[in-house]
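# A structural walkthrough
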There are 4 protein chains.
Amino acid sequence: MQVSETVEITGHLMDSGVLARVLDDVLDYGGDYTIERLDVGKTHEDESHARIIVLIDSDEDLQRLLMRLQTHGVNQVDPGAAVTKPAPTDGVFPEDFYSTTNLETVVRLGGQWVPVEHPEMDCGLRVVNGRVHTVPVSDVKEGDQIVCGAGGVKVVLPPREHKALGDGFEFMSSIASSEKPQALLVRQIAERMREVKIDGGRILWVAGPAVVHTGASMPMAALVEHGWVDVLFSGNALATHDIESALFGTSLGVDLAHGAGVEHGHEHHIRAINAIRAAGSIRAAVDDGVLKSGVMHAMVTAGRPFVLVGSVRDDGPLPDVYTDVIEGQRAMRAQLPGVGFAIMVATMLHSIATGNILPASVPLVAVDINPATVTKLADRGSAQAMGIVTDIGLFLEQLALELVPGYHRD
Amino acid sequence: MQVSETVEITGHLMDSGVLARVLDDVLDYGGDYTIERLDVGKTHEDESHARIIVLIDSDEDLQRLLMRLQTHGVNQVDPGAAVTKPAPTDGVFPEDFYSTTNLETVVRLGGQWVPVEHPEMDCGLRVVNGRVHTVPVSDVKEGDQIVCGAGGVKVVLPPREHKALGDGFEFMSSIASSEKPQALLVRQIAERMREVKIDGGRILWVAGPAVVHTGASMPMAALVEHGWVDVLFSGNALATHDIESALFGTSLGVDLAHGAGVEHGHEHHIRAINAIRAAGSIRAAVDDGVLKSGVMHAMVTAGRPFVLVGSVRDDGPLPDVYTDVIEGQRAMRAQLPGVGFAIMVATMLHSIATGNILPASVPLVAVDINPATVTKLADRGSAQAMGIVTDIGLFLEQLALELVPGYHRD
Amino acid sequence: MQVSETVEITGHLMDSGVLARVLDDVLDYGGDYTIERLDVGKTHEDESHARIIVLIDSDEDLQRLLMRLQTHGVNQVDPGAAVTKPAPTDGVFPEDFYSTTNLETVVRLGGQWVPVEHPEMDCGLRVVNGRVHTVPVSDVKEGDQIVCGAGGVKVVLPPREHKALGDGFEFMSSIASSEKPQALLVRQIAERMREVKIDGGRILWVAGPAVVHTGASMPMAALVEHGWVDVLFSGNALATHDIESALFGTSLGVDLAHGAGVEHGHEHHIRAINAIRAAGSIRAAVDDGVLKSGVMHAMVTAGRPFVLVGSVRDDGPLPDVYTDVIEGQRAMRAQLPGVGFAIMVATMLHSIATGNILPASVPLVAVDINPATVTKLADRGSAQAMGIVTDIGLFLEQLALELVPGYHRD
Amino acid sequence: MQVSETVEITGHLMDSGVLARVLDDVLDYGGDYTIERLDVGKTHEDESHARIIVLIDSDEDLQRLLMRLQTHGVNQVDPGAAVTKPAPTDGVFPEDFYSTTNLETVVRLGGQWVPVEHPEMDCGLRVVNGRVHTVPVSDVKEGDQIVCGAGGVKVVLPPREHKALGDGFEFMSSIASSEKPQALLVRQIAERMREVKIDGGRILWVAGPAVVHTGASMPMAALVEHGWVDVLFSGNALATHDIESALFGTSLGVDLAHGAGVEHGHEHHIRAINAIRAAGSIRAAVDDGVLKSGVMHAMVTAGRPFVLVGSVRDDGPLPDVYTDVIEGQRAMRAQLPGVGFAIMVATMLHSIATGNILPASVPLVAVDINPATVTKLADRGSAQAMGIVTDIGLFLEQLALELVPGYHRD
């Protein structure tokens, strides 16, 4: 009564532990497996290849398991052709829709393997005129042709190119990463940023209000001015505290000793918001001479785009903030083309949101003083994620010392 | 050139430490003070009364300082009458608007002290037909009469009524709270909840997805069924994981050992969202027999309202989720009347959002395994906040044992 | 110029990820490998077997790498016979001594495989009259015959016997552990404790002062009285706060909201210590009627042994406390025979100390509200370690409810 | 039936919140109070003076309460003369012994106020030939004359001399401390260290193994070489990992992402210990050319003393380690004279131990990435404690940049 399927995976299966995770997932989903064949890479440089028969109770379960295994780069040996069905109504996928990974993906349509445009996890695949792109459930329209089941879909693991990050630069998945001296890590990240710029890539920052609270506005603004921040994703809080600090010369009351910013209800922040609302926008406030310094001022002056997306705890918010979170996600997606490196500092909410929409091919560094945040980010999706548990204030200070000629804190 | 004002405060100034905080704030704002008079409560039962002259550089700074001091219950001795000015445009307050506290407040209008309706922090005060209510900056309309400056406004500290919570029940502000046995604290919270219900009050819960992850869906649903949850504030995550668990019999992959829920991208959650979107709403999914168990099922069946407000990291979201966070705040505000007790478990984002709109007069208990979350909540505004650092799963289990007759986990 | 050795490992290599860790370690130590042969367990039930050639620069490096790999259960295919050398002086091993794991180990001596008595990690192997036992460096005597190099030594991985812990009981190494409801975990631990007692095993507890601070003295004492605590390892702090609470009716000032016990210098604890010093010992204080309740009183009354080992931060200490930590370790080792289960609550120092001397064959549960402590313990050595991040007060309360007939908190 | 006593306190009672804490303690100890008189400092510069009558049930309780209040600087208006009694036996105080604070203290003997030598908390006061010094309970001898009860003892609060630390330098007790930029804090600590050296004071460091794990051995060694470390307190772990790193070129496997060093049982550390044991001592290993770099090498070469005190979790230990913790405490005490500044990095155990024996007059900075550690240290005793939550690696790197001419990490 059980159904089965033969799947395969190629890569550095032994030293990455991915095969163990694949087999764990088969069992987790209630299935079982037989390892049909395993060609082991004899040396560290060789790739291995595994062929596994998975068994499970129903075809529905099988389809889900196959999608799950694709997050590890496991494909069906004989994937057949993709099946599409029309979306039953706006905002709803067909029941058995294919749920995407963030890996490079190809779909078998009309005898051809068609690459998926803009890989993003937890989306559907929409087929239009023989092309395939990801679509979030909120954006699907009635009648859209959506790929269903796991048939006809293959994913490709990113190559293991640690070298690109320089010797000694290791990823989160390798336990070695944290044995490195923090000062060395900063230098390696700076090196990586230079390489990305030389290759014409854009650098995406995702930042939280602790950038202001830890006194790192100055190095952050210097990094913006010298071209190291191509686009910024954040929320109402970073921009508000940054602007409050610029307008009122105060930093919000924050108690780092308790491990978290404690906001004391100073009315300055709501007054700062009101001032920008009166100006009409952050850009207008810069143009009017109301806003004269800080991170947001630097972004406007440098002509770099930013996307601020609101949350339910926001006061105000600033006029530039997307209050509709789904529209905010769309605005963030629109900024992703060309991004070659992402750096996330001191924010869990916006970092996870960004991790949700980033393809796995973009290297990602998450920096936070809270180990839980770093672990959560580095575990989400991207095979190229590195986490660093350190102090944001000192981290940005040292990064500015590396990247900004003549940088010196007065 | 300095301006000054005489202010006063009455209460248990000595044993609460409030006077120290008042004087700290005067210095923090760049001012100085002279204690003109201090009548000390001779015994523990007596209130003290202080009269303080504050000096500061400009009238603008003075107004801000006076507003700041009102968060501690400090009023001007001679507040005069309130001044109102029209809002210059939609969504913008006059520049020198009075920024509210969450304390009970009265405004001097036309020779009378008028109470402010629905106290909420970080709002403006709108005067309509001789009545005064709080208005958030996003809701103000051009021409609305808004109170400006600190003149003509007085606040009232909530009475110190520890007794109401039973012997041994202590508030966060008192360091004694945490010396209490956890098991005793649960019993005292249960007792308090019974009292609130007897008094006709409603009990507000704010909950995060860890309720599902720690296996506490069952006690939480039991509490709902027996009438201990009158209204629930949450986000897309709690509802999605609860529904995913009900539909697929799986709990999302969560690694508590790392101190945080780590989501592993199981596609089940996006499939669960799609199923509810197909049904049209959570209620419709219950009515159609699609959703048959869990916390959200219990809320619908018990006919209790819930407000789900989205965030930028959401997948989907569920059709019941407010994607516009400002509309979500409005929906939350609409549920506050009658609330006599608030309990916040395992969520920072929605708990802070709720703390932002709750009047200080509503007692509030924040429960989380992360001390930073508890500290952040208990420090925000409410004079009646208590924080408990404990395990959500065991906490809800024990609360159900106290409040639900015959409750037993199978 | 490189030297090489062929090693092998048998077990559930695929789904446990151990092979990946083995290969990582080869690279970490500067070596390289060729996988000569890999017989994969075709199904979940079958064991796999791997044969790997490791290459490295020098014989000295090779010996170290081979010892390292033994911590994963990897043995040489042809280990040869053990070599022993005399210890050069008291308290010093020969330079190339074999450094032990905590796994079951056998040594090839005179053509026979001799089992090592009392496996313990980071020790040497002393051969006396054809028998082999572990010896810590502090206890070795000049001239003792000590096994040197990795030759002639094999280790045996404990069998994967999850079943013994009951259905649903999962180990730390499996990420599934934390998806379980906390209330269910408590029940499973109780079940395991019953099984251990039925099998004639002793239950070892390692506990910190938070047992007292969280109000869990009562359930802990009840567990002692009903025979669930056969031996207790702790320090001066637990015993002092327990006795202080019994003598003065106070609990030490502790601020759990800040995530850690904050001691406020109440002089009660030093006075309690003085009272016991005056009596001569904890037992004498019980006999004299000075100490009448609490955990230590229960231990004495039940006739169960305890080992208290001091630390540099201790006041006093109590007369029962070993002030010499090496003597303290010896006293702890002397209590290990017969221990079939170890439970560690709310202490990092003494839990790590115990983990250092426990053989890998003893199942171990570490319970703490701090995820870092739990991770650190569960990662140290024992293949049978499980970590639970939860509240100590509620955990012990629920465990007493499970194990102590008629237990009810008044 | 109640007994009462009139006490007084002088200082900046209002803005420090100390009066609130005094009154809280009276109630905590089961007493009650009447504020007889309160002369308020009219301005920020003026001191206040309070006179309070405390009431409590028995004289025994009164004596304890009076001792407790002395930790806040509260003295009896009429303390009378001190009473001494002989210690009943070695290592035991008379039952009603006076338990010390770490404040400057004077004792009324024979009509004169005699200053206490070497203030230290939780000790007794021994009178010998008209002089008074602190004695820990472990060192008292039978027949020693020990001060009993609170009579005849007065304490003196340290003056509030924030200025000495430079503008902007704030103490832990002030919430303002954490609003400062981290980079600025490092500079201020460096400034303070220069001042202490100019005044002829010694700088005491207390450090944990994370100094090595975070790659900060190089800046720490540079600070030693340039005279910024006069004495070092630590345990077996820092020295062992430092030496292991010097001997084997490896850093111990540490997983910072999990918020704590996770030791993976590399045998290198036990081999490093054995090598030093073979040499006889760390100094001998330096002299023999075995140990050529690292922090301990720098200490030996610079001729600076260090005190290493063991703990129950130690392997080995190194021959320099005190295995008897009480003897270790004595060795630490012997190094305190002349210490003018204490800096504690990345260790809770040894930092608390040091805090226990330091007089309140020595300024103390505690640095750790874990907020709980910093809070615990800063809350213990010293009125001059400042806590900084930051990354040890980057902190020491920046401190070396400030203090070591030409310091540059290669």
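Note that the structure is predicted; figures quoted are calculated from it, not measured. (Residues numbered from 1 in each chain as written. Chains lettered and ligands numbered in written order. Predicted model: local features only at pLDDT ≥ 70, side-chain atom pairs only at ≥ 80, totals over all residues. Heavy atoms only, no water.)

## Focus on the confidence of the model for chain A
All names here are of chain A. Where we set the bar: The pLDDT score gives, residue by residue, the confidence of the prediction method on a 0 to 100 scale. Should any heavy atoms of two residues lie within 4.5 Å, those residues are considered in contact.
In the predicted model, chain A carries a mean pLDDT of 86, and 88% of its residues have values of at least 70. Predicted confidence for residues 161–179 stays below pLDDT 50, and this span has 42 contacts to residues more than four positions away or in other chains. Both confidence scores are given for the complex: pTM 0.86, ipTM 0.89.

## Observations regarding the pairing of strand E1 (residues 3–11) of chain A
All names here are of chain A. In plain terms, the rule: Here, strands pair whenever DSSP counts at least two bridges between them. Here a strand is any run of E in DSSP of at least two residues, a helix any run of H or I of at least four, and the numbering for each starts at the N terminus.
Two elements, E1 and strand E3 (residues 48–56), share nine bridges in a ladder whose sense is antiparallel. Bridge pairing in E3 links Glu5 to Val54. Summarising the sheet, E1 and strand E4 (residues 75–76) pair through two bridges and their orientation is antiparallel. Residue Val7 lies in a different strand from E4, and its bridge partner there is Gln76.

## Digging into the nonpolar core
For the record, the criterion: What we call a nonpolar core is a set of buried Ala, Val, Leu, Ile, Met, Phe, Trp, Tyr and Cys residues that are connected through their side-chain atoms within 4.5 Å. Think of it in three bands: residues with accessible area under 20% of the maximum for their type are buried, residues over 50% are exposed, and the middle band is partly exposed, with areas taken using a 1.4 Å probe on protein chains only.
Counting 127 residues, the largest nonpolar core has Trp205(B), Ile282(B), Leu399(B), Trp205(C) and Leu399(C) as its most contacted members. Not counting residues up to four positions away in its chain, the partners in contact with Leu399(B) are Val186(B), Ile189(B), Ala190(B), Met193(B), Trp205(B), Leu223(B) and Ile343(B).

## Overview of helix H3 (residues 59–70) of chain D
Residue and element names in this part refer to chain D. Rule in force here: In a helix, the anticipated span is given by 1.5 Å times the number of residues less one.
The end-to-end C-alpha distance of H3 is 16 Å, a good match for the 16 Å that twelve residues give at a rise of 1.5 Å each. A large share of H3 lies buried, amounting to nine of its twelve residues. Residues Leu62, Gln63, Arg64, Leu65, Leu66, Met67, Arg68, Leu69 and Gln70 constitute the buried set of H3.

## Observations concerning the packing of helix H2 (residues 18–28) of chain A against helix H3 (residues 59–70) of chain A
Residues and elements named next belong to chain A. For clarity, the cut-off: Only C-alpha atoms enter the line fits that serve as axes; for helices the fit covers just the stretch in contact. Angles between N-to-C directions range over 0 to 180 degrees. Small angles under 35 degrees read as roughly parallel and large ones over 145 as roughly antiparallel, with 65 to 115 read as roughly perpendicular and the rest as oblique. Each crossing gets its handedness from the near helix: less than a right angle anticlockwise from the far helix is left-handed, clockwise is right-handed.
Running from N to C, H2 and H3 cross one another at 160°; their axes reach a closest spacing of 10 Å. Comparing the axis directions of H2 and H3 gives the class roughly antiparallel. The two elements H2 and H3 cross, and the hand of that crossing is right-handed. Contact residues: H2 offers Val22, Asp25 and Val26, while H3 offers Leu65, Arg68 and Leu69.

## Observations concerning the environment of Ser311(B)
Positionally, Ser311(B) belongs in the loop between strand E14 (306–308) and helix H11 (325–334). With a relative accessible area of 2%, Ser311(B) lands in the buried category. Taking the C-alpha atoms as reference points, Ser311(B) and Ala237(B), separated by 74 residues in sequence, lie 9.4 Å from one another. Setting aside its immediate chain neighbours within four residues, Ser311(B) contacts Val325(A), Gln329(A), Leu349(A) and Leu349(B).

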